[in-house]
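Chains, contacts and geometry: an overview
Chain by chain, the residues run as shown.
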Amino acid sequence: MSKGPISQFIEKHYLHFNAAALVDAAKGYEEHLLDNGKMMITLAGAMSTAELGKSLAEMIRQDKVHIISCTGANLEEDIMNLVAHNSYKRVPNYRDLSPQEEWDLLENHYNRVTDTCIPEEEAFRRLQSHLFNIWNNADSKGERYFPHEFMYQMINSGVLEQYYEIDPKDSWMVAAAEKNLPIVVPGWEDSTMGNIFASYCIKGEFKATTMKSGVEYMMWLADWYTKNCEGKGIGFFQIGGGIAGDFPICVVPMLYQDMEMHDVPFWSYFCQISDSTTSYGSYSGAVPNEKITWGKLDITTPKFIVESDATIVAPLMFAYVLGW
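Residues numbered from 1 in each chain as written. Predicted model: local features only at pLDDT ≥ 70, side-chain atom pairs only at ≥ 80, totals over all residues. Heavy atoms only, no water.

1. Topic: the environment of Pro-147
As a reminder of what qualifies: Helix and strand assignments follow DSSP, with helices taken as H or I runs no shorter than four residues and strands as E runs no shorter than two, numbered in order from the N terminus. Categorising residues by exposure relies on relative accessible area from a 1.4 Å probe, with only protein chains included: less than 20% of the type maximum marks a residue as buried, more than 50% marks it as exposed, and the intermediate range marks it as partly exposed. Should any heavy atoms of two residues lie within 4.5 Å, those residues are counted as being in contact.
In this structure, Pro-147 sits in helix α7 (residues 147-157). Using a relative accessible area of 4% as the deciding quantity, one classes Pro-147 as buried. Considering only alpha carbons, one finds Pro-147 and Met-211, 64 residues apart in sequence, at a separation of 6.6 Å. When sequence neighbours within four positions are dropped, the list of residues in contact with Pro-147 reads Leu-75, Trp-188, Met-211, Lys-212 and Tyr-217.

And the structure:
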């Protein structure tokens, strides 16, 4: 397949340093898929609020990603952008805001993520009202689901369509729901919807067990990994650091060391887009070779690290893999 103009531009101009690492990693991703390998993408930070769905959704539709691990914030904020985009407020001069100006944003029910403010009523509360009904229905029936499964139920029910303010093709969660894409959401409690669910449990309205736990996510991931790691194996494409990447990458050493499944293969491709540094003991900034010592990557695993802004790098890499 001939490459499109974005890919051609990248190949012509991205020849050295982090630019070259971007190209090498994108080509490695492409080769991994061509060899019938599968790929996990992990989403940290505020990638959904950065509207990564504009490229990630197409990656999902074209089967360029087979499983996602993300924070609870990324899980919900893609849907928030879908239903409340017109009410978002951009603050290009966010570096110059005074404490009083920050307080004024709070008073006007805006929650700031760098240069983008998420509206509380149109985004958070809109999701809350519909999720309450879905959570309540499961709780009353004694049913239990994972956080992303509740989100899928909400999307697939159609109750949000009345609010859509962007093309749903640009929502990676809509694309994921349509394919029932496997998702792992470690530490989901550390999110707005996680906080809200916990508040209902504190008030005695729901049972905490209605929401499946992080331990159950790890158990589920262990089963998924063993069923999908044949052949070329499973690659690991990490955007940012944190729990979204740390949690799922550990499934391999857990299976090998703790379950004593010594035939389980290592992750067969690894790339991280990171702006973290190793000099402060940051695990998020650790070079890929360190992961060999933890039983996550093999000596022969193709390893890449692009030290740059993920909001710039990830869309370019996805564009290359998609042939744009």
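2. Thoughts on the packing of helix α4 (residues 72-84) against α7
Stated formally: Only the contacting stretch of a helix is used when fitting its axis, a line to C-alpha atoms as for every element, and angles between N-to-C directions run 0 to 180 degrees. Reported orientations rely on four angle classes, namely roughly parallel under 35 degrees, roughly antiparallel over 145, roughly perpendicular from 65 to 115, and oblique for the rest. The sense of a crossing depends on the near helix, which, turned anticlockwise from the far helix by less than a right angle, makes the crossing left-handed and, turned clockwise, makes it right-handed. For this scheme, ten residues count as nonpolar: Ala, Val, Leu, Ile, Met, Phe, Trp, Tyr, Cys and Pro. Four count as charged, namely Asp, Glu, Lys and Arg, and the remainder, Gly too, count as polar.
Between α4 and α7, the shortest axis-to-axis distance is 10 Å and the interhelical angle comes to 15°. Between α4 and α7, the crossing angle belongs to the class labelled roughly parallel. Read as a crossing pair, α4 and α7 show a hand that is left-handed. Where α4 abuts α7, its residues Leu-75, Glu-76 and Ile-79 lie against Pro-147, His-148, Met-151, Met-154 and Ile-155. Across the contact of α4 with α7, the residue classes tally to six nonpolar, one polar and one charged.

3. Looking at the pattern of salt bridges
Here the idea is simple: oppositely charged side chains can pair when their charged atoms come close. What counts, and what does not: A pair is scored as a salt bridge if a Lys or Arg side-chain nitrogen falls within 4 Å of a carboxyl oxygen belonging to Asp or Glu.
A complete count under the given rule lists 13 salt bridges for this structure. A salt bridge links Lys-203 to Glu-205, with the nearest nitrogen and oxygen atoms 3.9 Å apart. The partly exposed category is assigned to Glu-205, whose relative accessible area is 36%.

4. Concerning the packing of aromatic side chains
Rule in force here: Only Phe, Tyr and Trp rings are paired, with Trp represented by its six-membered ring, and only when their centres lie within 6.5 Å; those with planes under 30 degrees apart are stacked, over 60 edge-to-face, the remainder tilted. As a reminder, the over-ring test applies to NZ of lysine and CZ of arginine, requiring each to be within 6 Å of the ring centre and within 35 degrees of the ring normal.
Scanning the model with the defined rule gives 19 aromatic pairs in all. Judged by centre distance (6.5 Å) and plane angle (85°), the rings of Trp-135 and Trp-188 are edge-to-face. Taken together, the residues Trp-135 in helix α6 (residues 120-141) and Trp-188 in the loop between β6 (183-184) and α9 (192-202) connect sequence positions 53 residues apart. Exposure remark for Trp-135: the relative accessible area of 1% places this residue in the buried category. Ring centres of Trp-135 and Tyr-200 lie 6.3 Å apart, and the angle between their planes is 70°; on these two criteria the pair is classed as edge-to-face. Placement of the pair is Trp-135 in helix α6 and Tyr-200 in helix α9, with a sequence separation of 65 residues. Each member of the pair, Trp-135 together with Tyr-200, is buried. Here the basic side chain of Lys-3 rests over the ring of Tyr-320, its NZ or CZ set 3.9 Å away from the ring centre. Here Lys-212 stacks its cationic end above the ring of Phe-146, 5.0 Å away from the centre of that ring.

5. Looking at unusual backbone geometry
The backbone of Glu-51 shows a phi angle near 65°, a positive value even though the residue is not glycine. Among the structural elements, Glu-51 can be located in the loop between β1 (38-43) and α3 (53-61). Notably, Thr-114 is not glycine yet its phi reads approximately 55°, a positive angle. As for its placement among the helices and strands, Thr-114 is situated in the loop between β4 (110-113) and β5 (116-119). Given a relative accessible area of 44%, Thr-114 falls into the partly exposed group.

6. Some thoughts on the nonpolar core
Under the convention used in this document: Working definition of a nonpolar core: buried Ala, Val, Leu, Ile, Met, Phe, Trp, Tyr and Cys residues. They are joined through side-chain atoms within 4.5 Å.
One finds Ile-68, Trp-135, Trp-172, Phe-237 and Ile-239 to be the most contacted residues of the largest nonpolar core, which totals 97 residues. A total of nine residues in this core trace back to one element, the largest contributor, which is helix α13 (residues 310-322). With near-sequence residues (within four places) excluded, Trp-135 lies in contact with Phe-150, Trp-188, Met-193, Ile-196, Phe-197, Tyr-200, Phe-206, Thr-210 and Met-211. Counting residues in hydrophobic clusters, the runner-up holds five residues, among them Val-91, Tyr-94, Leu-97 and Leu-105.

7. A look at the state of the cysteines
Inclusion rule: Any cysteine sulfur atom paired with another within 2.5 Å is treated as part of a disulfide.
Applying the stated criterion to the full structure yields zero disulfides. Here Cys-271 is not cross-linked by a disulfide; its sulfur's nearest cysteine counterpart is in Cys-70, at 18 Å.

8. Observations regarding the pairing of strand β9 (residues 303-307)
Convention followed: In this description, strands pair whenever DSSP reports at least two bridges between them.
Burial along β9 is one-sided: Phe-304 and Val-306 are buried, and none of Lys-303, Ile-305 and Glu-307, which face the opposite way, are. Taken together, the five bridges between strand β8 (residues 269-274) and β9 define a ladder with parallel strand orientation. Bridge assignment links Ile-273 to a residue of β9, and that residue is Val-306.

9. Looking at the side chain of Gln-272
Mapped onto the elements of the fold, Gln-272 is located in strand β8. With residues up to four places along the chain from it excluded, the contact list for Gln-272 reads Gln-238, Gly-240, Gly-241, Ser-284, Ala-286, Lys-291, Phe-304, Ile-305 and Val-306.

10. Description of a negative patch on the surface
So the rule is basically this: Only residues above 30% relative accessible area that lack a salt bridge enter a patch, with like-charged residues linked at up to 9 Å and the nonpolar side chains Val, Leu, Ile, Met, Phe, Trp and Tyr linked at up to 5 Å. Values of accessible area rely on a 1.4 Å probe in the Shrake-Rupley scheme; residue burial ignores everything except the protein chains shown. Charge counting treats Lys and Arg as positive and Asp and Glu as negative, with His and both chain ends excluded. For charged residues, the charge sits on one atom: NZ in Lys, CZ in Arg, CG in Asp, CD in Glu.
A cluster of acidic side chains, namely Asp-96, Glu-101, Asp-104 and Glu-107, defines a negative patch on the protein surface. Counting through the fold element by element, Asp-104 comes out in helix α5 (residues 99-107). Judged by its relative accessible area of 35%, Asp-104 falls in the partly exposed class.

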